[in-house]
Amino acid sequence: MFDLPDVSTLRQCSILCSASYAAVFFVMSAGQSWYRCWGWGAGAYCASLVIGGLFENILPPWGYALIDGILCLSMALVLAGVRRFDGVRGFAPWMWGVVVVTAIVPTVAEIVFGAGGVSSAIWSLRMAVCSFSLAVPLAVSRATDGTVRPRRIAGWLLILYVPVYLAVAVADLIAPRLAPALEAVPFLADQLLFGAGNLALLWIPASHSQQRLRDTALRDPLTGVWNRAALAANAAALLVPGRVALLIDVDRFKAINDQHGHAAGDRVLVAIATVLQQGAGGDFVVRLGGDEFLVITTADDPVRAAEQIRLRADRREAGLPAWTLSIGAARIEPGDRSIDDVMQRADLLMYRTKALGRTAAVA
């Protein structure tokens, strides 16, 4: 069996680890505030360990409150960095409250109860509360920018400190003889949780960039709606019986380009795409190419859905040439094997619309 390292050795390992991550975050910052927050967080944790190790037995009560405040601040800076990444203010008022309260509670407890098991247990309990409070917003994140997984991992890794500190608190209260041995447990946890948590933080910007690249590849660069690649990627999920496929064509679009220029034609396409995206929340809008769009909607009535689209998208905008739309609407049937089957039916109906004189919606 391996011998357990002593507290001093584990503390030094945590100091080296936190100092290394602080350096990494600051080097990577390049003007990005969230990296600086995480760097200051790792640095604050390192500072609390160094100060505590050097002056553990000679500090006055307010000195311990300062160390505890720095330690709590290091956790708060993790969440503050994620908030800065989201473009909001790093510290919310409640976060400052957690830092201040958890910093002064152990000092007050020691003044009231004196040094001993109760004060030590209260110190560990407030660390558990601090970890939990600042980790929950990450652990339950519902971010839609591709970063939800690393956020939740970082949050749950921080939450894992909670049972560690609770175990130490229980030992302080009911098994004082075990307390010295359990003092090393938080530092042992550091060796796994601290590094893994910071790796999860580094994963957040990477995941966000990856999601943006994915979205760029699946978006039409002119209008911002989905493109054919996105339609192919989501075809199976969109092929739900009862939904309606609306194939939309801009009438005489070549004449618009010829008479008003391609720049004006592009602005017309952007205006139409903007209106199409303002439909029902479940609508999937695709630019198939040129002046053709496809909308997959959850509407019940194909005729009504087509007419509503036409009325919305036929609105004129100042500075743009007039345009009209031809729309073919087809319901997705249980027997449809691919989205192409539905589009083919909608395409036939759309050309029937054109044969009837355009501007109508046929289903």
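**Side note on the overall build of the protein chain**
For step 1, the next point in the chain: For the protein chain, the helix and strand inventory stands at 14 helices and 5 strands.
For step 2, the next point in the chain: Taken along its principal axes, the extent of the C-alpha atoms in the protein chain is 90 × 45 × 40 Å.
For step 3, the next point in the chain: Taken over 363 residues, the protein chain has a buried fraction of 47%.
For step 4, the next point in the chain: Long-range pairs, those at least 24 residues apart, make up 68% of the contacts in the protein chain between residues at least 6 apart in sequence.
For step 5, the next point in the chain: When the accessible surface of the protein chain is totalled, it reaches about 18,300 Å², and 63% of it is carbon and sulfur.
For step 6, the next point in the chain: Of the side-chain charges in the protein chain, 31 are positive and 29 negative, and the distance between the mean point of each set is 5 Å.

**Overview of the side chain of D220**
For step 1, the next point in the chain: Mapped onto the fold, D220 is located in the loop between α9 (185-218) and α10 (228-238).
For step 2, the next point in the chain: You can call D220 buried: its relative accessible area is 10%.
For step 3, the next point in the chain: Within the structure, the side chain of D220 is placed 3.3 Å from the side chain of R287, a separation counted as a polar contact.
For step 4, the next point in the chain: When sequence neighbours within four positions are dropped, the list of residues in contact with D220 reads V225, W226, N227 and R287.

**Quick look at a nonpolar patch on the surface**
For step 1, the next point in the chain: On the surface, V100, I104, V108, I111, V112, F113, V118, V170, L173 and I174 cluster together into a nonpolar patch covering about 970 Å² of accessible area.
For step 2, the next point in the chain: Where the nonpolar patch is concerned, the elements lending two or more residues are α4 (93-113) and α7 (161-174).
For step 3, the next point in the chain: Looking at the nonpolar patch, the element that brings in the most residues is α4, giving 6 residues.
For step 4, the next point in the chain: Within the secondary structure, I174 is located in helix α7.
For step 5, the next point in the chain: The class for I174 is exposed, based on a relative accessible area of 67%.

**Section: helix α12 (residues 262-277)**
Residues spaced three or four apart along an α-helix point in a common direction, a consequence of the helix completing one turn every 3.6 residues.
For step 1, the next point in the chain: End to end, α12 covers 23 Å across 16 residues, agreeing with the expected 22 Å (1.5 Å per residue, within 8%).
For step 2, the next point in the chain: Buried within α12 are the following residues: A264, G265, V268, L269, A271, I272, A273, V275 and L276.
For step 3, the next point in the chain: Where α12 is buried, its residues contact β1 (244-250), α11 (253-260), β2 (284-289), β3 (292-297), α13 (302-313) and β4 (325-331).

**Re the side chain of N198**
For step 1, the next point in the chain: Here N198 lies in helix α9.
For step 2, the next point in the chain: Reaching out from N198, the side chain makes a polar contact with the backbone oxygen of F194 at a distance of 3.0 Å.
For step 3, the next point in the chain: Setting aside residues up to four positions removed in sequence, N198 forms contacts with Y21 and F25.

Here is what the cut-offs are and how they apply
- Residues numbered from 1 in each chain as written.
- Predicted model: local features only at pLDDT ≥ 70, side-chain atom pairs only at ≥ 80, totals over all residues.
- Heavy atoms only, no water.
- Helix = DSSP H or I, 4+ residues; strand = E, 2+ residues; numbered from the N terminus.
- Buried < 20%, exposed > 50% of the residue type's maximum accessible area, 1.4 Å probe, protein only.
- Contact = heavy atoms within 4.5 Å.
- Areas by Shrake-Rupley, 256 points an atom, 1.4 Å probe, with all protein chains shown as cover.
- Lys, Arg positive; Asp, Glu negative; His and termini not counted.
- Charge placed at Lys NZ, Arg CZ, Asp CG, Glu CD.
- Polar contact = N/O pair within 3.5 Å; in protein donor to acceptor, adjacent residues only side chain to side chain.
- Patch = residues over 30% accessible without salt bridge, like charges linked within 9 Å, V, L, I, M, F, W, Y side chains within 5 Å.
- Salt bridge = Lys/Arg side-chain N within 4 Å of Asp/Glu carboxyl O.
- Expected span 1.5 Å × (residues − 1).

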